[in-house]
Amino acid sequence: MTLTFPDPARPKFYRIRLDGRRLIRTAWTEGRKPRETVKYLDVSYDHEAEWACWKVRDKMMREGFCRVADVAGAARGDTVLEFLVPNRSSGDVFDLSPDGRTLVVGTMLKEAYGAEIHLVDIATGHRRLLHTEPPETRPEPLGKAQTFIHTVFFDADGERIIYALNEETRLLDPASGQQRTLAAYRQYQDAQFNPFCVQPVWDAARRRLLVFDAGDMVRVIDTDGSVLFEVCTKAGTTECRAGALSPSGRLLALYRPSRGVVYRHEDALHDPTNEIEVWDIAAGRLTARIPAPVPPAGARQLHKIGFDPTESLVVTNPDPVQGPCALSIETGELVWHFPDAYRTDRWDTCYGWDYSPDGATLAIGRRGDTEVVDAATRVADSAFERCPATGPTGRTYRVKLAADGTLLASGGDSGRILVRKL
């Protein structure tokens, strides 16, 4: 494989080749003569030699090298960009720009004391530091606080960035450097929201944004920050642990389980509530209560909720990371799910998922890679089977299909982000 260090002034290249037990590395700068080194690997098995090769690849990627390919010339399923995110962070906080040319990536510094937002050019792999967040300072005796960056999104024009940092949802304008807080709360102080569970999300057109605010308020706002709809989720024994907007922005789904179900809190054990609420935003009314699905393993709670493209189904993956499955909004019945191919006591592993804009394709974050299936038949696309030349994405929590349906980006806790041709 050949890696590129995308320096606009003078790109560098690093080729890694395995010939039996010989590891051959060639390094050069554009316009200069290559330098080659050969290392004889003291290993007994082929897979040990391959591991040594992948170890070198990842070492160079941590230094800023990446693997790039021409998008126009790539075949379906080909990897067009592979890189490790900065700061040895996980690679599950990112978004694709609406034009499919750029990634915005959020990372945390060591032990989450500080965070950064980077822009990555998909064609070249060149990345640029866009914004830095210092450790949060709180009144004594608390001192420094960790800065967990949960979500980053482009707006509809691809010019401004929405990001969730700890319990705040912020709007960043890179051109001016100005920031604005769209929603904020303090967990256990003025709201029960868990920022690791409830996070902002757009509708398909990026015209309506779901945010979580003080007072246990769930709000749908427009691009100017004006409130289009709001509902208070404060309750004695239940809490809101996930939310989603339908593709059109017409419907809102909220996951509302009892604390007795989630945490086994003694004062809430009498409350068996474990359901998804569906709200009609224009009418301002609750239209459905759907019981949470229970796979064979008996998961007590849901990890993520959303809608299918027809907006007739709620899609979710029950914890611990099973599915995904779809529930009818009209009847609440289980319509489909992904069984485990090898076990009958659980469903398949699922960490994240996303539909293509036309609704024909469903991408599912599995362990190590992303599965792509036909949304109607749920039959896997063989073009997206694991490519041995790429590294694994680990537990693939973030899967994103480009607005024009041409690219699939996926990332997980290995810190690796892969962009593949769709």
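Higher on the page you've got the structure.
Basis of the calculations
- Residues numbered from 1 in each chain as written.
- Predicted model: local features only at pLDDT ≥ 70, side-chain atom pairs only at ≥ 80, totals over all residues.
- Heavy atoms only, no water.
- Helix = DSSP H or I, 4+ residues; strand = E, 2+ residues; numbered from the N terminus.
- Rg over C-alpha atoms; globule rule 2.2 N^0.38 Å.
- Contact = heavy atoms within 4.5 Å.
- Areas by Shrake-Rupley, 256 points an atom, 1.4 Å probe, with all protein chains shown as cover.
- Lys, Arg positive; Asp, Glu negative; His and termini not counted.
- Charge placed at Lys NZ, Arg CZ, Asp CG, Glu CD.
- Core = buried A, V, L, I, M, F, W, Y, C linked by side-chain atoms within 4.5 Å.
- Buried < 20%, exposed > 50% of the residue type's maximum accessible area, 1.4 Å probe, protein only.
- Pairing = 2+ DSSP bridges.
- Axes fitted to C-alpha atoms, helices over the stretch in contact; angles between N-to-C directions.
- Disulfide = S-S within 2.5 Å.
- Expected span 1.5 Å × (residues − 1).
- Phe/Tyr/Trp six-rings, centres within 6.5 Å; stacked < 30°, edge-to-face > 60°.
- Lys NZ or Arg CZ within 6 Å of the ring centre and 35° of its normal.
- Salt bridge = Lys/Arg side-chain N within 4 Å of Asp/Glu carboxyl O.
- Polar contact = N/O pair within 3.5 Å; in protein donor to acceptor, adjacent residues only side chain to side chain.

Caption draft 1: Structural detail: the overall build of the protein chain. The number of helices and strands found in the protein chain is two helices and 34 strands. Expected size for 422 residues packed as a compact globule is a radius of gyration near 22 Å; at 23 Å, the protein chain falls within 12% of this value. If one aligns the C-alpha atoms of the protein chain with their principal axes, the spans along those axes are about 70 × 50 × 40 Å. Contacts in the protein chain between residues far apart in sequence, at least 24 positions, make up 46% of those at least 6 positions apart. A total accessible area of about 19500 Å² is found for the protein chain, and carbon and sulfur atoms account for 48% of it. When the 54 positive and 59 negative side-chain charges of the protein chain are each reduced to one mean point, those points stand 6 Å apart.

Caption draft 2: Region of interest: the nonpolar core. If you look at the biggest cluster of nonpolar residues, it comprises 17 residues, and the most contacted ones within it are L81, F83, L103, V105, I122, I417 and V419. Those elements that provide at least two residues to this core are β6 (79-84), β7 (94-96), β8 (102-108), β33 (407-411) and β34 (416-421). With three residues, β6 is the single largest residue contributor to this core.

Caption draft 3: Seen up close, the sheet that holds strand β29 (residues 352-355). One open sheet accounts for three strands, arranged β29-β30-β31; its pairing is antiparallel. Two strands lie at the open edges of the sheet, namely β29 and β31 (370-374), each paired on one side alone. Between one strand axis and the next, the sheet turns by 20° as a mean value, whatever way the strands run.

Caption draft 4: Region of interest: the state of the cysteines. According to the stated counting rule, one finds zero disulfides in the structure shown. Its sulfur unpaired, C325 is 9.0 Å from the next cysteine sulfur, which belongs to C350.

Caption draft 5: A look at helix α1 (residues 46-62). End to end, α1 covers 25 Å across 17 residues, agreeing with the expected 24 Å (1.5 Å per residue, within 8%). At its buried positions, α1 is contacted by β1 (2-5), β2 (12-19), β3 (22-29), β5 (67-68), β6 and β34. Within two residues after α1, G64 carries a phi angle of roughly 110°, on the positive side.

Caption draft 6: Structural context of the packing of aromatic side chains. In this structure the tally under the stated criterion is 10 aromatic pairs. Taking 6.1 Å as the distance between ring centres and 65° as the angle between the ring planes, the aromatic pair formed by Y14 and F65 counts as edge-to-face. Pair noted here: Y14 is in strand β2 and F65 is in the loop between α1 and β5, with a separation of 51 residues, a long-range link. There is no split in this pair, since Y14 and F65 are both buried. Between W336 and F338, the ring centres sit 5.8 Å apart and the planes meet at 90°, which makes this aromatic pair edge-to-face. Every member of this aromatic cluster is reached through a ring pair, and the members are F5, Y14 and F65. Of note, R366 hangs over the ring of F338, and the distance from its end group to the ring centre comes to 5.3 Å. A cation over an aromatic ring shows up here: R398 above the ring of F94, its NZ or CZ 5.6 Å from the ring centre.

Caption draft 7: A look at the pattern of salt bridges. For the structure shown, the criterion picks out 28 salt bridges. Salt-bridge contacts for R170 lead to E133; the nearest nitrogen and oxygen are separated by 2.7 Å. Of the two residues, R170 sits in strand β15 (residues 168-173) while E133 sits in strand β10 (residues 127-133), which places them 37 residues apart along the sequence. Note on accessibility: R170 and E133 belong to one class, buried. Between R366 and D348 there is a salt bridge whose closest N-O contact spans 3.6 Å. In this pair, R366 is assigned in the loop between β30 (361-365) and β31 and D348 in the loop between β28 (334-337) and β29, connecting sequence segments 18 residues apart. A relative accessible area of 21% means that D348 is categorised as partly exposed.

Caption draft 8: Spotlight on the environment of R259. Inspection of the secondary structure assignment puts R259 in helix α2 (residues 259-262). Judged by relative accessible area, R259 falls into the buried class, the value being 13%. Counting along the chain gives 12 residues from R259 to D271, while the straight-line C-alpha distance between them is 8.1 Å. Side chain to side chain, R259 and H265 meet in a polar contact 2.9 Å long.

Caption draft 9: Focus on the environment of D280. Examined against the element boundaries, D280 turns out to sit in strand β23 (residues 274-280). Given the relative accessible area of 14%, D280 is considered buried. With 25 residues separating them in the primary sequence, D280 and Y255 have C-alpha atoms 15 Å apart. In this structure D280 touches R250, L251, R285 and T287, once residues within four positions along its chain are discounted. For D280, the side chain forms a polar contact with the main-chain nitrogen of A282, separated by 3.1 Å.

Caption draft 10: Unusual backbone geometry, seen in detail. Across the junction of G323 and P324, the peptide omega takes the value 0°, indicating a cis bond. Notably, A112 is not glycine yet its phi reads approximately 70°, a positive angle. Checked against the element boundaries, A112 lands in the loop between β8 and β9 (115-121). Unusually for a residue other than glycine, R206 sits at a positive phi of about 60°.

No statement about biological role is implied by the geometric values presented.
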